[in-house]
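Residues per chain, in single letters:
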Amino acid sequence: MTQKDPSLPEWFCVRCQTKREHIAAEHLRAIEGIEVFCPRLRYRKATRRGKIWWVEPLFPGYVLAKFSIAEMERAVTFCQGVRGLVRFGAGIPAVPDHFVESLRQEIRNRQDASEEMYTVSPTIEIGDEVEIAHGPLQGMRGTVVAVPSATERVKILLEFLGQPQAVDLDLFSLLLPRRPTP
């Protein structure tokens, strides 16, 4: 096993203060010689105020930073928003370049907005088995029979009082089936 040169820049996992990943990333970017990758997920979420866009880090509590550990460890460790570097015992493991690059490529391939933002959209198809997550019909299961285009509503077929009933529901009130990613 060969020892890597600590003066060469490598990717490391940086632990951040809770819910302050974006702040730590911006402060790290301000330091010359540090490249930062802070991937985030963007999705619609139903709340009491209605449907809103929600943004969360892909790795809550962490960002990835590329720097020379020999030269920049102290600057990174004491940067605003940072709690420290991920360690295993006394060692600070590097994150493989190919992992970071493949993650960046995956986000680039699916999005046109930002290199670090991945927008997640629910997908539902006719015939999917779904469960109602909240409301007066919570817990009931049904089959999707219609998905009108450009709306956030679906029509599902429920077994109700011994009869099949078609019901229009908000897409965000359903637990959707898991699909393998392509």
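That block above? That's the structure.
Residues numbered from 1 in each chain as written. Predicted model: local features only at pLDDT ≥ 70, side-chain atom pairs only at ≥ 80, totals over all residues. Heavy atoms only, no water.

Q: Please clarify how the environment of Ala 70 should be interpreted in this entry.
A: For Ala 70, the position within the fold is in helix H2 (residues 69-77). The class of Ala 70 is exposed, set by a relative accessible area of 55%. Measuring from C-alpha to C-alpha, the distance between Ala 70 and Asp 5 comes to 8.9 Å, with 65 residues separating the pair along the chain. Excluding anything up to four places from it in sequence, Ala 70 contacts Pro 6 and Ser 7. (Helix = DSSP H or I, 4+ residues; strand = E, 2+ residues; numbered from the N terminus. Buried < 20%, exposed > 50% of the residue type's maximum accessible area, 1.4 Å probe, protein only. Contact = heavy atoms within 4.5 Å.)

Q: What exactly am I supposed to notice about helix H1 (residues 21-29) here?
A: Along an α-helix, residues three or four positions apart point the same way, because every turn accommodates 3.6 residues. For H1, the full list of buried residues reads Glu 21, Ala 24, Ala 25 and Leu 28. On an axial view of H1, the arc spanned by its buried residues comes to 100°, and they lie on one face. (Arc of directions from axis to C-beta.)

Q: How do you make sense of the pattern of salt bridges when you look at a structure like this?
A: Where charged atoms of side chains with opposite charge meet at close range, the side chains can pair. Considering all chains together, one arrives at four salt bridges under this definition. Between Arg 29 and Glu 26 there is a salt bridge, with the nearest N and O atoms lying 2.8 Å from each other. One end of the pair is Arg 29 and the other is Glu 26, both in helix H1 and three residues apart, which spans about a single turn. Note that Arg 141 and Glu 131 form a salt bridge whose closest N and O atoms lie 3.1 Å from each other. A residue pair is termed long-range when its members are at least 10 positions apart, and Arg 141 in strand E10 (residues 141-146) and Glu 131 in strand E9 (residues 129-132) qualify at ten residues. A relative accessible area of 59% places Arg 141 in the exposed class. (Salt bridge = Lys/Arg side-chain N within 4 Å of Asp/Glu carboxyl O.)

Q: Is there a simple way to explain the sheet that holds E10 in this structure?
A: By way of backbone hydrogen bonds, the strands of a sheet pair with one another, either parallel or antiparallel. Spatially, the five strands line up as an open sheet ordered E12-E11-E10-E9-E13, and their pairing is antiparallel. Here the strands that pair on one side only, and so sit at the sheet edges, are strand E12 (163-170) and strand E13 (174-175). (Pairing = 2+ DSSP bridges.)

Q: Would you mind going over the nonpolar core with me for this structure?
A: As a rule of thumb, soluble globular proteins bury nonpolar side chains together. In this structure, Val 14, Leu 28, Ile 34, Val 63, Phe 67 and Val 76 are the most contacted members of the largest nonpolar core, which totals 18 residues. For this core, the elements supplying multiple residues, two or more each, are strand E1 (9-16), H1, strand E5 (62-68), H2 and strand E6 (82-85). In contact with Val 76, not counting residues within four places along its chain, are Val 14, Leu 28, Ile 34, Phe 67, Val 82 and Leu 85. (Core = buried A, V, L, I, M, F, W, Y, C linked by side-chain atoms within 4.5 Å.)

Q: Is there a simple way to explain H2 in this structure?
A: Turning to H2, its buried residues are Ile 69, Met 72 and Val 76. Here the buried residues of H2 occupy an arc of 95° about the axis, which is enough to place them on one side. Exposed residues pointing more than 90 degrees away from the buried face of H2 are listed as Ala 70, Glu 71 and Arg 74. Those residues of H2 hidden inside the fold are in contact with E1, H1, E5 and E6.

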